[in-house]
Amino acid sequence: MATIHLFNPETDYALATGTTHYNPPRSIINLRKSMALFPAVFAENGDCILVADSFERDELKSSPYFHHVVKKGIRIVSLEESSFLAYTQFSEFRPWGWNHTLRESLAEAGVPERLLKSPEEIDSLRDLSHRRTTIPFMEHISGCMQRLNISPAQEFYSTAEAIAFRDAHPGAYFKAPWSSSGRGVVCSSEISSEKLAQWIGGFIRRQGSVMGEIGYCRTLDFATEWNCSKEDVRFIGLSVFSTSKDGRYKGNLKLSQDALNNIISEACEDWSPEIIEAQRDALSSLIAPHYSGPVGIDMLATSEGKINPCVELNLRQTMGLISIYEYEQNAHQQ
């Protein structure tokens, strides 16, 4: 059965507000418009792409992804036209990520309930997407593999507590409870104490807390990609990506799984299939009972060859997952 796709890169920000009416900044709207047809890269033949913004006639034909649309026979539908989906046999609606604002706009446009996550499911997704979820997740993995010996993040509800953590752990990182692609992350050694206190205090006011993590000398960023449901937690593959010094996402390596595994093995003396199985067990216990959909688990290697097996949990589509699909499609065509 065919799937409906939507690229909504604002999803983490909308999820953070918890409201049904989030208005993204112009920069995010421009990104959403420029990559509206990006799902064509990983969509299947006969799928549909829903575009959330208005476009001039033939404007979408200039998209760098339009040739995928033509090749795969993908139908492009505007939000104003989406009520027709009630009379089709599409089996799934697959946005980049779910949030209350998206659900509200789709419901108002006439998209049938059978294709939408319920408000209760999105509430659960929002709770799980809070960065505090990495704490029990790491504790679960550590219980399976005590030799890893990596401290989980800590949550702080006051600026004074967070600054005390920074003083005890120079170079610590602080993170907003909800953010995306490395935004909402600050390295305490790259900012003055005054600005750090302002940054921390601002997020505590807006989102209730901040997360603090011990800073490691990072030599590699990588991830495992999954699909979760109550019936099954399926490992999709590995991804390796690059980030800026402050943790912002820059891009993925498009290589075979064997090549990616070799890169990770060379960077991490602790890397083994056991880690994937420990992550699977943690997903099965903590995530899958409450959420169905894609999950990316970001990790890092340290200069000592150690591994942090859960830096981030992304309960949405990820560029790492897309890079796996792209590589497999290209390899199949050759």
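Above this note sits the structure.
Since the model is a prediction, treat every value here as computed from it, not as a measurement.

Enquirer: Just to check I follow, could you spell out the overall build of the chain for this structure?
Expert: Scanning the chain from terminus to terminus reveals 11 helices and 13 strands. When its C-alpha atoms are laid out on the principal axes, the chain stretches across 60 × 45 × 35 Å. Each of the 334 residues in the chain was classed as buried or not, and the buried ones make up 54%. For the chain, the accessible area works out to roughly 15,600 Å², and carbon and sulfur atoms hold 49% of it. Within the chain, the 42 negative side-chain charges are centred at a point lying 5 Å from the centre of the 32 positive side-chain charges.

Enquirer: Hey, could you run me through the pairing of strand S12 (residues 293–302) in this one?
Expert: Working note: regular strand, side chains alternate between the two faces of the sheet. Among the 10 residues in S12, 10 count as buried, and that is most of the element. With 10 bridges joining them, strand S9 (residues 218–228) and S12 adopt antiparallel strand pairing. When the bridges of S12 are listed, Phe 222 appears paired with Met 299. Examined bridge by bridge, S12 and strand S13 (residues 307–314) share five bridges and lie antiparallel to one another. Each bridged residue has a counterpart across the sheet, and for Ile 297 the counterpart in S13 is Leu 313. Where S12 folds back on S13, the antiparallel hairpin that results is connected by four residues, among which Gly 305 adopts a positive phi of roughly 85°.

Enquirer: Is there a simple way to think about the sheet that holds strand S3 (residues 75–78) in this case?
Expert: What holds strands together in a sheet is hydrogen bonding between their backbones, with the strands either parallel or antiparallel. A sheet is described by the order of its strands in space; here four strands give the open sequence S3-S2-S1-S4, paired in parallel fashion. Where the open sheet ends on each side, the last strands, each with one partner, are S3 and strand S4 (92–95). Averaged over neighbouring strand pairs, the angle between their axes works out to 25° when direction is ignored. Strand direction decides the pairing type here: strand S2 (residues 48–51) and S3, joined by four bridges, are parallel. Within S3, the residue paired with Cys 48 across the bridge is Arg 75.

Enquirer: How do you make sense of the packing of aromatic side chains when you look at a structure like this?
Expert: By convention here, two paired aromatic rings are described through the distance between centres and the angle between planes. Under the criterion given, the structure shown has 12 aromatic pairs. Of note, Arg 126 hangs over the ring of Trp 178, and the distance from its end group to the ring centre comes to 4.1 Å. Lying across the ring of Phe 203, Arg 206 places its NZ or CZ 4.5 Å from the centre.

Enquirer: Could you clarify how one ought to interpret the nonpolar core in this entry?
Expert: The nonpolar side chains of soluble globular proteins are, as a tendency, buried together. Grouped together as the largest cluster of nonpolar side chains are 54 residues, with contacts concentrated most on Phe 137, Phe 222, Trp 271, Leu 283 and Val 295. Broken down by element, this core gets its largest block of residues, six residues, from helix H10 (residues 273–287). Grouped together as the second largest cluster of nonpolar side chains are 17 residues, Met 35, Phe 38, Val 41 and Ala 43 included.

Enquirer: What exactly am I supposed to notice about the sheet that holds strand S8 (residues 210–213) here?
Expert: Strand order in the open sheet formed by four strands is S5-S8-S6-S7, with antiparallel pairing between adjacent strands. If you trace the sheet from one side to the other, it starts and ends with strand S5 (154–156) and strand S7 (185–187), each paired once. Pairs of neighbouring strands in the sheet enclose a mean axial angle of 25°, with direction left out of account. In this sheet, S8 lies alongside S5 in antiparallel orientation, the contact comprising three bridges. Looking at S8, one finds that Phe 156 is bridged to Val 210.

Enquirer: Would you explain the packing of helix H6 (residues 134–144) against H10 in this entry?
Expert: Helices that pack against each other are described as a pair by the angle of their axes relative to one another and the distance between those axes. Axis separation between H6 and H10 bottoms out at 9 Å; the angle between their running directions is 135°. By the angle between their directions, the pair H6 and H10 is classed as oblique. With respect to the hand of their crossing, H6 and H10 are arranged in right-handed fashion. In contact with Pro 136, Phe 137, His 140, Ile 141 and Cys 144 of H6, H10 contributes Ala 278, Gln 279, Asp 281, Ala 282, Leu 283, Ser 285, Leu 286 and Ile 287. Of the residues assigned to the contact of H6 with H10, the class counts are nine nonpolar, three polar and one charged.

Enquirer: Quick question: what am I supposed to make of the pattern of salt bridges here?
Expert: Opposite charge on two side chains permits pairing when their charged atoms draw close. Scanning the entire structure with this criterion turns up 18 salt bridges. The residue Lys 61 makes a salt bridge to Asp 58 at a minimum N-O spacing of 3.4 Å. Residue Asp 58 is classed as partly exposed on the basis of its relative accessible area of 44%. Arg 131 is paired through a salt bridge with Glu 312; the nearest N and O atoms lie 2.9 Å apart. Of this pair, Arg 131 sits in the loop between helix H5 (119–129) and H6 while Glu 312 sits in strand S13; the two residues are 181 residues apart in sequence, bridging distant segments of the chain. In this structure, Arg 131 and Glu 312 share a single accessibility class: buried. Salt bridges sharing partners connect three or more residues here, namely Arg 147, Glu 269, Asp 270, Glu 274 and Lys 306.

What counts as what
Residues numbered from 1 in each chain as written. Predicted model: local features only at pLDDT ≥ 70, side-chain atom pairs only at ≥ 80, totals over all residues. Heavy atoms only, no water. Helix = DSSP H or I, 4+ residues; strand = E, 2+ residues; numbered from the N terminus. Buried < 20%, exposed > 50% of the residue type's maximum accessible area, 1.4 Å probe, protein only. Areas by Shrake-Rupley, 256 points an atom, 1.4 Å probe, with all protein chains shown as cover. Lys, Arg positive; Asp, Glu negative; His and termini not counted. Charge placed at Lys NZ, Arg CZ, Asp CG, Glu CD. Pairing = 2+ DSSP bridges. Axes fitted to C-alpha atoms, helices over the stretch in contact; angles between N-to-C directions. Phe/Tyr/Trp six-rings, centres within 6.5 Å; stacked < 30°, edge-to-face > 60°. Lys NZ or Arg CZ within 6 Å of the ring centre and 35° of its normal. Core = buried A, V, L, I, M, F, W, Y, C linked by side-chain atoms within 4.5 Å. Parallel < 35°, antiparallel > 145°, perpendicular 65-115°, else oblique. Left-handed = near helix turned anticlockwise from the far one by under 90°. Contact = heavy atoms within 4.5 Å. Nonpolar A, V, L, I, M, F, W, Y, C, P; charged D, E, K, R; others polar. Salt bridge = Lys/Arg side-chain N within 4 Å of Asp/Glu carboxyl O.

Remember that the coordinates give geometry; whether it matters functionally is a separate question.
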